[in-house]
Amino acid sequence: MPENWMLPRIFPFGGILFDFLFVLIAIPIEAYILNNRLKFDKKTSIFYAISINLFSSVIGWFIFFVAEPMLPIQVRAELINYMFFHNFKSPNTQGLLILTAFIIFFATFLMKFFILRILLFSLNETFLKKEEELPTSKRRRWKSFSNLKLQSNNLIITILMANSLSYTAITIILLFGAK
């Protein structure tokens, strides 16, 4: 880490409020997808949608505040200009913006997937059962392993769909706000 690393003196409250708006948009969309695809009840799907969005948002802002001082001066100036004035000075920034958007999308997808996995594992009551209650035959173990694998694939697809739809809604709002 650089020796001159310190917390920023000015926080981008406008950006944080926009992120809060985006989280408020993403929660119902992702809760609806979790409800339909994973067959959670509405209360559970809303709980998981709120949890994964808030945790991923907090982790994202933490990464932003750690990475921002390490950026080159030109990129930092463009970032600060966009955060405060919602425009770019340099026309070359759009390529970097598109690359950054893809990286953020997939990083958020991975964060949400792992956060939901951790929440499902930590709130699951089946792992609290005694070992003698768990299936012991080889066939039952294979069936439970294949069900777990199928459930994991379904979880990946569901989180990808939910993240894609929420990012699409946020992008549409950003496009309307840019004009």
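Residues numbered from 1 in each chain as written. Predicted model: local features only at pLDDT ≥ 70, side-chain atom pairs only at ≥ 80, totals over all residues. Heavy atoms only, no water.

Notes on the packing of aromatic side chains
Reasoning step 1: If you walk through the whole model with that rule in mind, you get 9 aromatic pairs.
Reasoning step 2: Their ring planes at 80° and their centres at 5.0 Å tell us that Phe105 and Phe106 sit as a pair that is edge-to-face.
Reasoning step 3: Residue classification places Phe105 among the buried positions, given a relative accessible area of 15%.
Reasoning step 4: The partly exposed category is assigned to Phe106, whose relative accessible area is 43%. (Phe/Tyr/Trp six-rings, centres within 6.5 Å; stacked < 30°, edge-to-face > 60°. Buried < 20%, exposed > 50% of the residue type's maximum accessible area, 1.4 Å probe, protein only.)

Things to note about the packing of helix 2 (residues 42–67) against helix 4 (residues 93–123)
Reasoning step 1: One can describe the packing of helix 2 onto helix 4 by two numbers: an axis separation of 9 Å at closest approach and a directional angle of 130°. With respect to their mutual orientation, helix 2 and helix 4 come out oblique. Helix 2 and helix 4 meet at a crossing whose hand is right-handed. On helix 4, the residues touching Phe47, Tyr48, Ser51, Ile52, Asn53, Phe55, Ser56 and Ile59 of helix 2 are Thr108, Met111, Lys112, Ile115, Leu116, Leu119, Leu120 and Leu123.
Reasoning step 2: Across the contact of helix 2 with helix 4, the residue classes break down as 11 nonpolar, 4 polar and 1 charged. (Axes fitted to C-alpha atoms, helices over the stretch in contact; angles between N-to-C directions. Helix = DSSP H or I, 4+ residues; strand = E, 2+ residues; numbered from the N terminus. Parallel < 35°, antiparallel > 145°, perpendicular 65-115°, else oblique. Left-handed = near helix turned anticlockwise from the far one by under 90°. Contact = heavy atoms within 4.5 Å. Nonpolar A, V, L, I, M, F, W, Y, C, P; charged D, E, K, R; others polar.)

Concerning helix 2
Reasoning step 1: Here helix 2 spans 37 Å end to end across 26 residues, near enough to the 38 Å set by a 1.5 Å rise per residue.
Reasoning step 2: Within the span of helix 2, buried status applies to Ser45, Tyr48, Ala49, Ser51, Ile52, Asn53, Ser56, Ser57, Trp61, Phe65 and Val66. (Expected span 1.5 Å × (residues − 1).)

Some remarks on the side chain of Glu78
Reasoning step 1: Mapped onto the secondary structure, Glu78 falls in helix 3 (residues 73–85).
Reasoning step 2: Residue classification places Glu78 among the buried positions, given a relative accessible area of 13%.
Reasoning step 3: With near-sequence residues (within four places) excluded, Glu78 lies in contact with Phe88, Lys89, Ser90 and Thr93.

Concerning helix 4
Because each turn of an α-helix spans 3.6 residues, side chains separated by three or four positions end up pointing in the same direction.
Reasoning step 1: Between its first and last C-alpha atoms helix 4 spans 43 Å; for 31 residues at 1.5 Å apiece the expected length is 45 Å, and the two agree.
Reasoning step 2: Among the residues of helix 4, those classed as buried are Thr93, Phe105, Thr108, Phe109, Met111, Lys112, Phe113, Ile115, Leu116 and Leu119.

With respect to a nonpolar patch on the surface
Reasoning step 1: On the surface, Phe55, Ile59, Phe62 and Ile63 cluster together to form a nonpolar patch covering roughly 410 Å² of accessible area.
Reasoning step 2: On the basis of relative accessibility, which here comes to 46%, the residue Phe55 falls in the partly exposed class. (Patch = residues over 30% accessible without salt bridge, like charges linked within 9 Å, V, L, I, M, F, W, Y side chains within 5 Å. Areas by Shrake-Rupley, 256 points an atom, 1.4 Å probe, with all protein chains shown as cover. Salt bridge = Lys/Arg side-chain N within 4 Å of Asp/Glu carboxyl O.)

A look at the pattern of salt bridges
Reasoning step 1: A full pass over the atoms with the stated rule returns 2 salt bridges.
Reasoning step 2: Residues Glu68 and Arg76 are paired through a salt bridge, measuring 3.1 Å at the closest nitrogen-oxygen approach.
Reasoning step 3: Relative accessible area serves as the criterion here: at 25%, Arg76 is assigned to the partly exposed category.

A short note on the confidence of the model for the protein chain
Reasoning step 1: Confidence in the prediction for the protein chain averages 80 pLDDT; 77% of positions are at 70 or higher.
Reasoning step 2: The secondary structure element of the protein chain with the lowest average pLDDT is helix 5 (residues 138–178), at 75, and the one with the highest is helix 2, at 91.
Reasoning step 3: In this model, residues 125–134 is a region of pLDDT below 50 whose contacts with residues beyond four sequence positions or in other chains number 3 contacts. (pLDDT = per-residue confidence, 0-100.)

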